[in-house]
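Listed here are the chains, written in short residue letters.
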Amino acid sequence: MKKNIAFLIYSLNSGGAERVVSTLSNGLCNNFNVTIITLINNKPFYQLKSNIKIISCQDKRIKSNNKLINSLLTNFQLYKNIKKICKNQSIDIIIGFMTESNVLAILTAKSINIPVIVSERNYPPCASLSKFWKAMRRITYPKTSILVVQTKPIFNFFNNYMNGEKIKILPNPISNTHIETKNNHNPSKENIILNVGSLTTQKGQEIAIKAFSKINPPNWQLHLVGEGPKRKEYASLIKELGMENKIFLIGRENEISSYYLRARIFVFPSRFEGFPNALTEAMYMGLPSISTDCPTGPSELIEDGVNGFLTPIDDISIFAEKMEILINNESLRKKIGVKAEMKVEHLKESNVVNQWYNLILDTI
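A brief report on the enclosed structure follows. (Residues numbered from 1 in each chain as written. Predicted model: local features only at pLDDT ≥ 70, side-chain atom pairs only at ≥ 80, totals over all residues. Heavy atoms only, no water.)

**Structural notes on the pattern of salt bridges**
Piece 1. For the coordinates displayed, the defined rule picks out 10 salt bridges.
Piece 2. The residue E190 makes a salt bridge to R262 at a minimum N-O spacing of 3.0 Å. Within this pair, whereas E190 is found in the loop between helix 6 (176–184) and strand 8 (192–196), its partner R262 is found in helix 9 (residues 257–262), the two being separated by 72 residues in sequence.
Piece 3. Note on R262: relative accessible area 22%, which makes it partly exposed.
Piece 4. A salt bridge links R271 to D314, with the shortest nitrogen-to-oxygen separation between them at 2.9 Å. Note that R271 is positioned in the loop between strand 11 (265–268) and helix 10 (277–284) and D314 in the loop between strand 13 (309–311) and helix 12 (316–327), a separation of 43 residues in sequence.
Piece 5. Linked through salt bridges whose partners overlap, the residues forming this network are E206, R271 and D314. (Salt bridge = Lys/Arg side-chain N within 4 Å of Asp/Glu carboxyl O. Helix = DSSP H or I, 4+ residues; strand = E, 2+ residues; numbered from the N terminus. Buried < 20%, exposed > 50% of the residue type's maximum accessible area, 1.4 Å probe, protein only.)

**Regarding the sheet that holds strand 9 (residues 221–225)**
Whether parallel or antiparallel, the strands of a sheet pair through hydrogen bonds between backbone atoms.
Piece 1. The sheet built from 6 strands is open, its strands ordered 10-9-8-11-12-13 with parallel pairing. Each end of this open sheet is capped by a strand with a single partner; those strands are strand 10 (247–251) and strand 13. Strand-to-strand twist in this sheet, taken as the mean axis angle between neighbours without regard to direction, amounts to 20°.
Piece 2. Two strands pair when backbone bridges link them, and strand 12 (residues 289–292) and strand 13 are joined in this way by 3 bridges, in the parallel orientation. (Pairing = 2+ DSSP bridges. Axes fitted to C-alpha atoms, helices over the stretch in contact; angles between N-to-C directions.)

**Digging into the sheet that holds strand 1 (residues 4–9)**
Piece 1. Across the sheet, 7 strands lie side by side as 3-2-1-4-5-6-7; this open sheet has parallel pairing. Edge positions in the sheet fall to strand 3 (53–58) and strand 7 (167–169), since each has one partner strand and no second. For this sheet the average axis-to-axis angle between neighbouring strands, irrespective of direction, equals 25°.
Piece 2. Each of strand 1, strand 2 (33–40) and strand 4 (93–97) is contacted by helix 1 (residues 16–28), which is oriented at about 170° to strand 1, the strand it contacts most.
Piece 3. Sheet strands in contact with helix 5 (residues 152–159) are strand 6 (146–149) and strand 7, and its direction is about 175° off that of strand 7. (Contact = heavy atoms within 4.5 Å.)

**Some thoughts on the packing of aromatic side chains**
Piece 1. One pass over the full model with this rule turns up 12 aromatic pairs.
Piece 2. Plain terms: the ring middles of F32 and Y357 are 5.5 Å apart, the flat faces sit at 45° to each other, and that makes the pair tilted. Of this pair, F32 sits in the loop between helix 1 and strand 2 while Y357 sits in helix 14 (residues 349–363), placing them 325 residues apart in sequence.
Piece 3. Exposure remark for F32: the relative accessible area of 2% places this residue in the buried category.
Piece 4. Measuring from ring centre to ring centre gives 5.0 Å for F45 and Y46, while their planes differ by 90°; the resulting arrangement is edge-to-face.
Piece 5. Take Y46: its relative accessible area is 14%, and that puts it in the buried class. (Phe/Tyr/Trp six-rings, centres within 6.5 Å; stacked < 30°, edge-to-face > 60°.)

Set out below in structure tokens:
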């Protein structure tokens with residue numbers, strides 16, 4: 001009989017953690033009965049197989065004039081709802097994604113005596129987190145069955161206050177959607193420099209915008225795919241630089257694979273990461289990439305000058321210099337792109353899903 005597993009995540013929006021949960025659910029649903037529990041109700045951005053259940057804890061947050069009371073009321077209600085769903089669905093193991101969901105997953109699992117895996121998705125010293133959630137993380141994480149992280153620096157952070165034997169390093173998978181699109185489509189390349197990511201301070205798109213504007217290459221465009229709170233600011237910056245006809249804010253895109261395949265260069269100016277999904281996808285698609293050497297992930301994927309370029313965080317001049325090198329050297333672009341693809345081959349969905357499958361079986 002199949003075991004019942006439940007992923008717990010804030011929502012199924014268009015972010016990196018949401019993509020990983022969706023990819024893992026699709027990959028595991030033949031071996032397990034998969035339920036995705038979301039803290040709030042929203043339509044899934046990524047496609048999910050029909051046999052995956054999606055259950056939301058609540059339609060919207062509980063409102064109160066007092067922030068502390070609001071937080072306590074909301075999270076206590078979420079805890080009760082998650083516990084009820086897990087009992088109703090006879091869940092055998094909970095798998096949390098991101099800090100708030102992880103804390104709630106651990107509390108729920110302990111209350112109903114089932115194992116729990118939690119997964120951190122960012123570099124903790126840089127991530128924006130309230131004192132309350134930092135304290136709750138420190139109290140609850142040592143009680144988890146397994147903590148999954150993506151890189152050694154994140155492992156070292158948590159190893160300071162919990163048993164290192166409970167911490168497993170597992171990379172993020174490259175979705176089969178990208179693999180199938182790459183195998184079945186071959187659109188003609190265009191002079192496009194591509195960035196994919198939420199428009200946030202963390203992702204640092206203004207560095208790419210300013211660097212591109214600095215060199216202003218003829219017959220090239222910069223496309224930024226993603227949505228976020230920085231959109232208006234970036235639109236104003238693009239206008240101020242007089243680049244409206246060369247730099248484009250594309251917005252959210254479901255079919256991102258075609259953008260990777262059409263572009264010639266990928267840029268990734270992040271200030272910090274957990275494990276950079278967009279960078280791994282771009283490299284798999286054979287794109288020569290320029291990334292900041294931010295914590296954590298890029299330096300584990302890119303050997304500078306061999307299969308991509310690493311630049312200092314927030315250094316517009318060096319970022320522009322590397323852009324110009326790739327724009328002006330087609331043979332170098334192809335050479336780096338081939339080596340980039342080879343570097344991330346092991347991150348194909350089937351390989352990573354199999355690692356998760358074994359981890360879940362061992363934990364149950």
